[in-house]
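Spelled out from the first residue to the last, the chains are:
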Amino acid sequence: MTFARLCAHYFSHAAWLGADELLNGVGQLAGIPAALVHGRLDIGGPPDVPWQLARAWPGAELHVAHTGHRGGEEMTTAMLAALDRFAAR
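All values reported here derive from a predicted model rather than from experimental measurement.

**Regarding the pattern of salt bridges**
No. 1: For the structure on display, the rule yields 1 salt bridge.
No. 2: Linking E61 and R85 is a salt bridge whose minimum nitrogen-to-oxygen distance equals 2.3 Å. Linking E61 in strand β2 (residues 60-65) with R85 in helix α4 (residues 73-88), this pair joins segments that are 24 residues apart in sequence.
No. 3: Since its relative accessible area comes to 37%, R85 is described here as partly exposed.

**Observations concerning the environment of E74**
No. 1: Counting through the fold element by element, E74 comes out in helix α4.
No. 2: The class of E74 is partly exposed, set by a relative accessible area of 29%.
No. 3: A C-alpha to C-alpha distance of 9.7 Å links E74 and V37, two positions 37 residues apart in sequence.
No. 4: Among residues more than four places away in sequence, those in contact with E74 are H63, V64, A65 and H66.
No. 5: A distance of 2.9 Å separates a polar atom in the side chain of E74 from the backbone nitrogen of H66.

**Topic: the environment of H69**
No. 1: Along the chain, H69 falls in the loop between β2 and α4.
No. 2: A relative accessible area of 64% means that H69 is categorised as exposed.
No. 3: Taking the C-alpha atoms as reference, H69 lies 14 Å from V49; in sequence the two are 20 residues apart.

Cut-off values and rules
Residues numbered from 1 in each chain as written. Predicted model: local features only at pLDDT ≥ 70, side-chain atom pairs only at ≥ 80, totals over all residues. Heavy atoms only, no water. Salt bridge = Lys/Arg side-chain N within 4 Å of Asp/Glu carboxyl O. Helix = DSSP H or I, 4+ residues; strand = E, 2+ residues; numbered from the N terminus. Buried < 20%, exposed > 50% of the residue type's maximum accessible area, 1.4 Å probe, protein only. Contact = heavy atoms within 4.5 Å. Polar contact = N/O pair within 3.5 Å; in protein donor to acceptor, adjacent residues only side chain to side chain.

Below, the structure written as structure tokens:
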């Protein structure tokens, strides 16, 4: 119940962020590699959000897995591959 109340509180206040505040500031992350792995069927977090972030973040890559919020083998494989690439740098 506590977690649900906390989530509802942040959602109802848009995490106290202005419109497009995160996307407008993401250019500051240029040069920092990113691998965004998202479940296509995640109803709570629609895929347009990571897609917009990947487009705005120079050097970010996006992998959309055919899973939901809880992930699965495809999502785990994509995350481990990204971690291996980062570790090899």
